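Coordinate inspection notes
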Amino acid sequence: MSALYNEKEKTLKNIVLKDFNILKKVALLESYLINNESNNKLIKKFNEIAYNQEMMDWERLYETMDSLYDNLFTKLKKAFPQLDETEFRICCLSIAKFSNSEIAVIMKYSTSSIQWRKASIRKKMGIKPMGNILEFLNSYFEVNTDKRQS
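Reading guide: rules and limits
- Residues numbered from 1 in each chain as written.
- Predicted model: local features only at pLDDT ≥ 70, side-chain atom pairs only at ≥ 80, totals over all residues.
- Heavy atoms only, no water.
- pLDDT = per-residue confidence, 0-100.
- Helix = DSSP H or I, 4+ residues; strand = E, 2+ residues; numbered from the N terminus.
- Salt bridge = Lys/Arg side-chain N within 4 Å of Asp/Glu carboxyl O.

Let's talk about the confidence of the model for the chain
The pLDDT averaged across the chain works out to 76; a share of 59% of its residues lies at or above 70. When pLDDT is averaged over each helix and strand of the chain, the minimum, 59, is found for helix 1 (residues 2-33) and the maximum, 95, for helix 7 (residues 111-125).

What follows is the structure, encoded as structure tokens:
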């Protein structure tokens, strides 16, 4: 029974991770197509087809990441209530191994805005300037997000 549960969990993780990889590729595609009205329509249409929506479903991301990382995001929200929703989203995407440029595209911000927001996150969490947010969270919550398959 335990082996069956582990196999189902592994399959779920693979499906979810594949979804994240698609999202990363879409973010990269958007970065190439941005600033053109017809390209924006193409991106919206793709999102409608692929995700049945125009924008990212953050609740789905939170639930998925909770299932992958032992309720890490629920714990994160409780441990750091001073983070605003944008900062929380940046943390989630950082843990999911999205680059600053991918996060910028997904969240419709500039890369410099993401860097500025990460500086704010570090300050609110008590991380040294230019410290690694992912390493801090791995240590703080005693998890290892590097176990995630690429």
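Next comes the rest of the write-up.
Considerations on the pattern of salt bridges
A complete count under the given rule lists five salt bridges for this structure. A salt bridge links Arg117 to Asp84, with the nearest nitrogen and oxygen atoms 2.9 Å apart. With Arg117 in helix 7 and Asp84 in the loop between helix 4 (72-79) and helix 5 (85-95), this residue pair connects regions lying 33 residues apart in the sequence. With a closest N to O distance of 2.8 Å, Lys124 and Glu87 form a salt bridge. Here the residue Lys124 occupies a position in helix 7, and Glu87 occupies one in helix 5, the gap between them amounting to 37 residues. When salt bridges that share partners are traced, they join Lys77, Glu85 and Arg89 into one network.

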